[in-house]
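These are the residues of each chain, in order.
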Amino acid sequence: MDKSAADAYVYAKVCGIISKSYSGINAEKLFAVKSLSELYSLLFDGEVPAVPETLLAKEIEKQAEEHFVRDYESLLNCYEKPEKLLVHLLQYYDYKNLQEIAGALCMQETEEPELTDLRNYALLNYKAWPDIKKITENSSLSWYNRIPDITEQQLMDTKLDFQYLRELWEYASKMPYSIRKDILNVFALEFSFNNILWAIRLRYYYEMPVEEILTHLFFKDTELIKSEKKAGTDLFAGEAVKLLEKDMKNFDDWKDWKYRDFLNPNEEGVLWEIDPPWLESKIHQTMIKNYSLELHKFPLSPMVLVCYFKIKENELDNIRRITEGLRLGGE
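For the structure given in this document, a descriptive report is provided here. (Residues numbered from 1 in each chain as written. Predicted model: local features only at pLDDT ≥ 70, side-chain atom pairs only at ≥ 80, totals over all residues. Heavy atoms only, no water.)

### A look at the packing of helix H3 (residues 36-43) against helix H14 (residues 303-329)
Cut-off, in case you're wondering: Where helices are involved, their axes are fitted lines through C-alpha atoms of the stretch in contact, as for all axes, and angles between N-to-C directions lie from 0 to 180°. Think of it this way: any DSSP run of H or I at least four residues long counts as a helix, any run of E at least two long counts as a strand, and we number them from the N terminus. Reported orientations rely on four angle classes, namely roughly parallel under 35 degrees, roughly antiparallel over 145, roughly perpendicular from 65 to 115, and oblique for the rest. Whether two residues touch is decided by their heavy atoms; if any such pair falls within 4.5 Å, the residues are in contact. Residues are grouped as follows: Ala, Val, Leu, Ile, Met, Phe, Trp, Tyr, Cys and Pro are nonpolar; Asp, Glu, Lys and Arg are charged; every other residue, Gly included, is polar.
Contact geometry of H3 with H14 gives a least axis separation of 10 Å together with a crossing angle of 155°. Between H3 and H14, the crossing angle belongs to the class labelled roughly antiparallel. Between H3 and H14, the contacting residues are Leu36, Leu39 and Leu43 on the first element and Ile319, Ile322, Thr323, Leu326 and Arg327 on the second. Looking at side-chain class alone, the contact of H3 with H14 contains 6 nonpolar, 1 polar and 1 charged residues.

Take a look at the structure:
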């Protein structure tokens, strides 16, 4: 089909899928389930596999991801030449696959780990397992050409994550003028929110010093990392940097924060401290609402698949959180 017909078909298809997705308000149906077997029946057709809880949790996550990837691929296939941005969104799984491969080889495992199959959209040569140099050669990840030492694996993973995001921004910057500003705004807000969550988690759970936290944040201008004062002006990391000196147990210290409404309530007479899961929930709700608005604002454009990908990504995150909670609850 030609592009205009493909745009109309994709928009109609996405609207139908999103209306049934478990994100935003609909996520309540997921969080209401009481067992993994009930969750499986809610998400999939057919009988629940007769396997232990741990394996069932893994099967649910695997099937949910496979269904999403196949659906997204089929939508991309509607276009003779999909936008690079839309393909790169899917190649997120190539980056994650490489992290899995490197981790397995680092631990001297002989079996290839379970990977997400991107078929014709794959960036890497998976047939070359276990030769990591051949797996990545002739790709934008060819620099990852050796098995990392266990002490540097986290650093390499972070480098991969940042490269994916930087290329996402680069492709978004080349989108048609009519939607470029909105797509960039969507990504800038997402990057900012993710940095805020990272900063809060690293302070709250690990009491990580400011200098170290800065190295874990994704900056638009990496030169700004060198100065905490200037770092607060960065488009992606600025809001997160501004939180690094705030008292995590003093609500008054957060009264002037741009996203104060995202904080857990401060009850008079009750000791307050920031609640990371509460903040994360509020941020995700805001982003899903934003994606939904943008999807319908530009119904016959690449924005549809950008928002679709992000909304379904949130659904997968919800499923993972629930399977983990149910699995641990059953132990």
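### Quick look at the pattern of salt bridges
Condition: Here, a salt bridge means any side-chain nitrogen of Lys or Arg that lies within 4 Å of a carboxyl oxygen of Asp or Glu.
For the structure on display, the rule yields 19 salt bridges. For Arg70, the salt bridge goes to Glu73, with nearest N and O atoms at 3.0 Å. Here Arg70 pairs with Glu73, and both are found in helix H4 (residues 53-76), just 3 residues apart, close to one helical turn. The closest approach of N and O atoms between Arg119 and Glu73, which form a salt bridge, is 2.8 Å. Placement of Arg119 in the loop between helix H6 (92-106) and helix H7 (132-136) and of Glu73 in helix H4 is noted, with a sequence separation of 46 residues between them. Counted as one network, the salt bridges with shared partners bring together Glu65, Asp317 and Arg320.

### Observations regarding the side chain of Gln163
Cut-off, in case you're wondering: When a residue's accessible area, from a 1.4 Å probe over protein chains only, is under 20% of the maximum for its type it is buried; when over 50% it is exposed; and in between it is partly exposed.
Here Gln163 is to be found in helix H8 (residues 153-172). For Gln163, a relative accessible area of 15% gives the class buried. Once you skip the residues sitting within four places of it in the chain, Gln163 turns out to touch Tyr95, Ser140, Leu141 and Trp143.

### Points about unusual backbone geometry
A cis amide bond, omega 5°, links Trp129 with the succeeding residue Pro130. Relative to the elements of secondary structure, Pro130 occurs in the loop between H6 and H7. Its identity is not glycine, yet Arg119 carries a phi of approximately 50°, on the positive side. Phi is positive for Asn138, close to 65°, though the residue is something other than glycine. Structurally, Asn138 is set in the loop between H7 and H8. Assessed through its relative accessible area of 79%, Asn138 is described here as exposed.

### Details of H6
For the record, the criterion: Each residue after the first adds 1.5 Å to the expected span of a helix.
The terminal C-alpha atoms of H6 lie 21 Å apart, and with 15 residues this matches the ideal 21 Å at 1.5 Å per residue to within 8%. Counted residue by residue, H6 has 12 buried out of 15 residues, so it is predominantly covered. Within the span of H6, buried status applies to Tyr93, Asp94, Tyr95, Asn97, Leu98, Gln99, Ile101, Ala102, Gly103, Ala104, Leu105 and Cys106. Against the buried residues of H6 lie H4, helix H5 (84-90), H7, H8 and H14.

### What to know about the packing of H3 against H4
Any two packed helices are characterised by how steeply their axes cross, that is the angle between the axes, and by the distance between the axes. Put simply, the rule is: The hand of a helix crossing depends on one turn: near helix anticlockwise from the far one by less than a right angle means left-handed, and clockwise means right-handed.
Closest axis-to-axis distance for the H3/H4 pair is 10 Å, and the angle between their directions is 20°. By the angle between their axes, H3 is roughly parallel relative to H4. Viewed along their axes, H3 and H4 form a crossing whose handedness is left-handed. On H4, the residues touching Leu36, Ser37, Leu39, Tyr40 and Leu43 of H3 are Glu53, Leu56, Ala57, Ile60 and Gln63.

### Looking at the environment of Glu212
In this fold, Glu212 is placed in helix H10 (residues 210-216). C-alpha separation for the pair Glu212 and Leu115, spaced 97 residues apart in sequence, amounts to 31 Å.

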